[in-house]
Amino acid sequence: MKSNFYPRVQIFASLLIVLFLCTQSFAQEFTRTDTLRGSITPERAWWDVTYYNLKTSVHPAAKTIRGSNTISYKVLKPHNLMQIDLQVPMKIDSIVQEGKRLSFSSEGDAHFVRLQKKQKKNRENQISIYFSGAPKVAKRAPWDGGFTWKTDSNGKHFIANANQGIGASVWWPLKDHPADEPDKGMTISITAPKDLMDVSNGKLAEVIEKDSTKTWVWKVENPINAYGVNVSIGDYVHWSEVYPGEKGALNMDYYVLRENEAKGKKQFKQAPLMMEAFEHWFGPYPFYEDGYKLVEVPYLGMEHQSCVTYGNHFENGYLGRDLSGSGWGLKFDFIIIHESAHEWFANNITNKDVADMWIHEGFTCYSENLFLDYFFGKQASSEYVIGLRKNILNDSPLIGQYNVNSRGSSDIYYKGANILHTLRQWIDNDEKWRQILRGLNKTFYHQTVSSQQVENYIETHSGLYLKGFWDQYLRSTKIPTIEFAIKGKSIKYRYTNILPHFEMPVVFLVNGKEVRVEPTIQWQVKNFEEEVKSAKIKEDFYVYSAEIGNP
Ligand SMILES: [Zn+2]
């Protein structure tokens, strides 16, 4: 998802007050509900999801849904209590295993099912959960999450869900924790009034027609991110193309409301350009078997796996604006580029705990400037990512608190992008950097990972000591600051505001020429053959700098 930038500016002042009032700026209170939602409880740990078979009928007039989810799972160790998540006001109607109705007790949104069948290690079992209700209505999708019920200009229903953050359990019952994805994929069968179409993840396998309804059966072949599972219902027109990609022929399918066909056909030409740039930087699109789809929805957009949703009004920028202020943000459709990049970072490489969500948003925000780099060159990409810095708050660290479903600061976007851009400068070898980005997607293909795993991978493959770098930029809010002074034919410089183990070279522009130095907290002197008339830190490094008088 995209950060809620404009509303955020409006609440910025009140946020500052809240921060001011907090004596411990990073401390946050968490509840038992947060722990049940965000941790791998004993009732979750013993079973591994292998497949979801989700069937849901959608009733637009009543704004309700009803369905079942049959969960296939492997027993990792014997246990007889199973946690299933489904958020109120949605209701579990019954739970059945091998024909027997099971009892369960509920603690808020977590439901503990008492299994009767003996759960033997390594056995694969199934359990079906029947559910119904009126799912939470999203007031400002995609940020608050839930269902959006709208109509198009012809009065036809236009419905979609978005539930990053709040979670998939806002509408369907599952193990709602990012660490466990269904290894063999998922079937999503959505029943809707027959004059409408549903587009969900994966490939369309079957359409079952009845008197007044159609059921759209979508098959997902790969492990899928729960929050990425989606329903998009509307009076769609559809067209497609085959993209000759790194792994062969990739189906790219597009769906927009009938009234937007002409605009869609023009704007969605950016999708294959996106594919070209990101396959170059990150390696093959991670879900060839499931295809790539771009689908119009009644909200801004979301990285639904293999089914990117779109509501950016068929214009460039972020709702027509450039978040960087550099001008480059108007060269591409923010939602097509950003949400699609999440196929690599969020859907292919997924955080095990949302505390590490910078892996999703940092790399994806960074990908916007790699898209620019590919089509407009390095200067454009630098200006764009540097321009985004004005949105960084440095209010709390990028890494949030583990096991309580808590992501870090909204800085996971712009600061995340800038530290990756900074690291590219340090590595100073673009081909090596590209191979690291591709290597991440290959090594962690279809996996859920921790930030630590990503950090270690980059450290190993860059050959640099990065522990201090990661701790400084991900786990603290301190921005390394370079103090320097010009004196005749020399400059003196040192770091302040750094963690004890932080190290990173920076590039000075001295009389317009690049000079790489390795500052520490001790003053160092660099001598030149000519008088130093001007010196400044190259802007590509996300550090602060201060020219001071004689130190
Ligand atoms: Zn995003």
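In case you missed it, the structure is sitting above this.
Predicted model only: the values in this text are computed from it and were never measured.

Peer 1: So what exactly am I meant to see when it comes to the packing of helix α10 (residues 430-443) against helix α11 (residues 451-462) here?
Peer 2: Pairs of packed helices are described in terms of their axes, by the angle between the two and the distance that separates them. Contact pair α10 / α11: the axes reach a minimum separation of 10 Å and the direction vectors enclose 140 degrees. In terms of orientation, α10 lies oblique with respect to α11. The crossing of α10 and α11 is right-handed. Contacts between α10 and α11 involve Lys 432, Gln 435, Ile 436, Gly 439, Leu 440 and Thr 443 from the first element and Val 454, Tyr 457, Ile 458, His 461 and Ser 462 from the second. Considered class by class, the residues forming the contact of α10 with α11 number five nonpolar, five polar and one charged.

Peer 1: So what exactly am I meant to see when it comes to empty space enclosed by the protein here?
Peer 2: A probe as big as a water molecule, rolled over the atoms, marks out the empty space that is left. Taken as a whole, this structure holds three cavities of 30 Å³ or more when the rule is applied. When its volume is computed, the largest cavity comes out at roughly 50 Å³. In this structure, the largest cavity is lined by Arg 37, Gly 38, Asp 176, His 177, Pro 178, Asp 353, Val 354 and Asn 405. Classifying every residue of the lining of the largest cavity gives two nonpolar, three polar and three charged.

Peer 1: How should I be thinking about the nonpolar core in this particular structure?
Peer 2: Taken as a class, soluble globular proteins show a tendency for nonpolar side chains to be buried jointly. In terms of nonpolar packing, the biggest core is built from 98 residues, with Tyr 292, Trp 358, Phe 363, Ile 458, Phe 469, Met 504 and Phe 508 touching the most fellow members. Residues Leu 86, Leu 196, Trp 218 and Leu 257 belong to the second largest nonpolar core, which totals 60 residues.

Peer 1: Looking at this model, I keep getting lost on the sheet that holds strand β26 (residues 513-517). Mind explaining?
Peer 2: Strand-to-strand pairing in sheets goes through backbone hydrogen bonds, with the strands running parallel or antiparallel. If you walk across this open sheet you meet the three strands as β26-β25-β28, and the pairing is antiparallel. At either margin of the open sheet sits one strand with a lone partner, and together these are β26 and β28 (535-537). On average, adjacent strands in this sheet sit at an angle of 30 degrees to one another, irrespective of strand direction. With five bridges connecting them, strand β25 (residues 506-510) and β26 associate as antiparallel partners. By the bridge assignment for β26, Val 507 is matched with Arg 516.

Peer 1: What am I meant to see in the packing of α11 against helix α12 (residues 467-475) here?
Peer 2: Relative orientation of the contacting elements α11 and α12 amounts to 140 degrees, with a least axis distance of 10 Å. Considering the relative orientation of α11 and α12, their crossing is right-handed. Residues Ser 451, Gln 452, Glu 455, Ile 458 and Glu 459 of α11 pack against Lys 467, Trp 470, Leu 474 and Arg 475 of α12. Of the residues assigned to the contact of α11 with α12, the class counts are three nonpolar, two polar and four charged.

Peer 1: What is the right way to read unusual backbone geometry from this model?
Peer 2: Among all residues except glycine, the phi angle is most often negative; among peptide bonds, the trans geometry is most common. The omega angle of the peptide bond from Val 88 to Pro 89 is 10 degrees, so this bond is cis rather than trans. With respect to the helices, strands and loops of the structure, Pro 89 is situated in the loop between β3 (81-85) and β4 (91-97). Of the consecutive residues Ala 141 and Pro 142, the connecting peptide bond is found in the cis state with omega at 0 degrees. The backbone of Glu 98 sits at a positive phi, close to 45 degrees, despite the residue not being glycine. Inspection of the secondary structure assignment puts Glu 98 in the loop between β4 and β5 (100-101). Not every positive phi belongs to a glycine, and Asp 428 is a case in point at roughly 55 degrees. Take Asp 428: it is sitting in the loop between α9 (414-427) and α10.

Peer 1: Explain α10 here, please?
Peer 2: An α-helical turn contains 3.6 residues, so a residue and the one three or four places further along point in the same direction. The end-to-end C-alpha separation of α10 is 19 Å, in line with the 20 Å expected for 14 residues at 1.5 Å each. Those residues of α10 that fall on the buried side of the exposure criterion are Trp 433, Arg 434, Ile 436, Leu 437, Arg 438, Gly 439, Leu 440 and Asn 441. Residues of α10 that are buried sit in contact with α5 (270-282), β21 (349-351), α7 (358-376), α9 and α11.

Peer 1: Which parts of the structure should I look at to understand the side chain of His 304?
Peer 2: For His 304, the position within the fold is in the loop between β19 (301-302) and β20 (308-310). Those residues in contact with His 304 that sit more than four places away from it in its chain are Asn 161, Ala 162, Asn 201, Tyr 227, Gly 228, Asn 230, Tyr 299, Thr 309, Glu 343 and Asn 347.

Peer 1: What am I meant to see in the pattern of salt bridges here?
Peer 2: Pairs can form between side chains of opposite charge whenever their charged atoms are close. Considering all chains together, one arrives at 25 salt bridges under this definition. Arg 516 is the salt-bridge partner of Asp 428, the closest N and O atoms lying 3.8 Å from each other. Linking Asp 428 in the loop between α9 and α10 with Arg 516 in strand β26, this pair joins segments that are 88 residues apart in sequence. The exposure class of Asp 428 is exposed, given its relative accessible area of 55%.

Peer 1: Looking at this model, I keep getting lost on the environment of Ile 65. Mind explaining?
Peer 2: Here Ile 65 lies in strand β2 (residues 64-75). Excluding its chain neighbours within four sequence positions, the residues that come into contact with Ile 65 are Thr 56, Ser 57, Val 58, His 59, Met 90, Phe 131, Ser 132, Gly 133, Pro 135, Phe 147, Trp 149 and Trp 171.

Peer 1: Please explain the packing of aromatic side chains as it appears in this structure.
Peer 2: In this description, a pair of aromatic rings is defined by centroid distance and the angle of the planes. Tallied over the full model, the rule gives 45 aromatic pairs. Ring centres 5.4 Å apart and planes at 80 degrees place the aromatic pair Tyr 495 and Phe 502 in the edge-to-face group. What makes Tyr 495 buried here is its relative accessible area of 1%. Seen from the ring of Trp 523, Lys 492 lies directly overhead, with NZ or CZ sitting 5.8 Å from the centre.

Peer 1: Sorry if this is basic, but what is going on with α5 here?
Peer 2: In this model α5 runs 18 Å from its N-terminal to its C-terminal C-alpha over 13 residues, within 8% of the 18 Å that 1.5 Å per residue would give. Among the residues making up α5, those that are buried are Gln 270, Ala 271, Pro 272, Met 274, Met 275, Ala 277, Phe 278, Glu 279, Trp 281 and Phe 282. Gly 283 sits one or two residues past α5 and shows a positive phi near 95 degrees.

Basis of the calculations
Residues numbered from 1 in each chain as written. Predicted model: local features only at pLDDT ≥ 70, side-chain atom pairs only at ≥ 80, totals over all residues. Heavy atoms only, no water. Axes fitted to C-alpha atoms, helices over the stretch in contact; angles between N-to-C directions. Helix = DSSP H or I, 4+ residues; strand = E, 2+ residues; numbered from the N terminus. Parallel < 35°, antiparallel > 145°, perpendicular 65-115°, else oblique. Left-handed = near helix turned anticlockwise from the far one by under 90°. Contact = heavy atoms within 4.5 Å. Nonpolar A, V, L, I, M, F, W, Y, C, P; charged D, E, K, R; others polar. 1 Å grid on protein atoms, 1.4 Å probe; cavity = no way out; pocket = protein on both sides within 12 Å on 5 of 7 lines; lining within 4 Å. Points joined across faces, edges and corners; volume = space filled by probe spheres on them. Core = buried A, V, L, I, M, F, W, Y, C linked by side-chain atoms within 4.5 Å. Buried < 20%, exposed > 50% of the residue type's maximum accessible area, 1.4 Å probe, protein only. Pairing = 2+ DSSP bridges. Expected span 1.5 Å × (residues − 1). Salt bridge = Lys/Arg side-chain N within 4 Å of Asp/Glu carboxyl O. Phe/Tyr/Trp six-rings, centres within 6.5 Å; stacked < 30°, edge-to-face > 60°. Lys NZ or Arg CZ within 6 Å of the ring centre and 35° of its normal.

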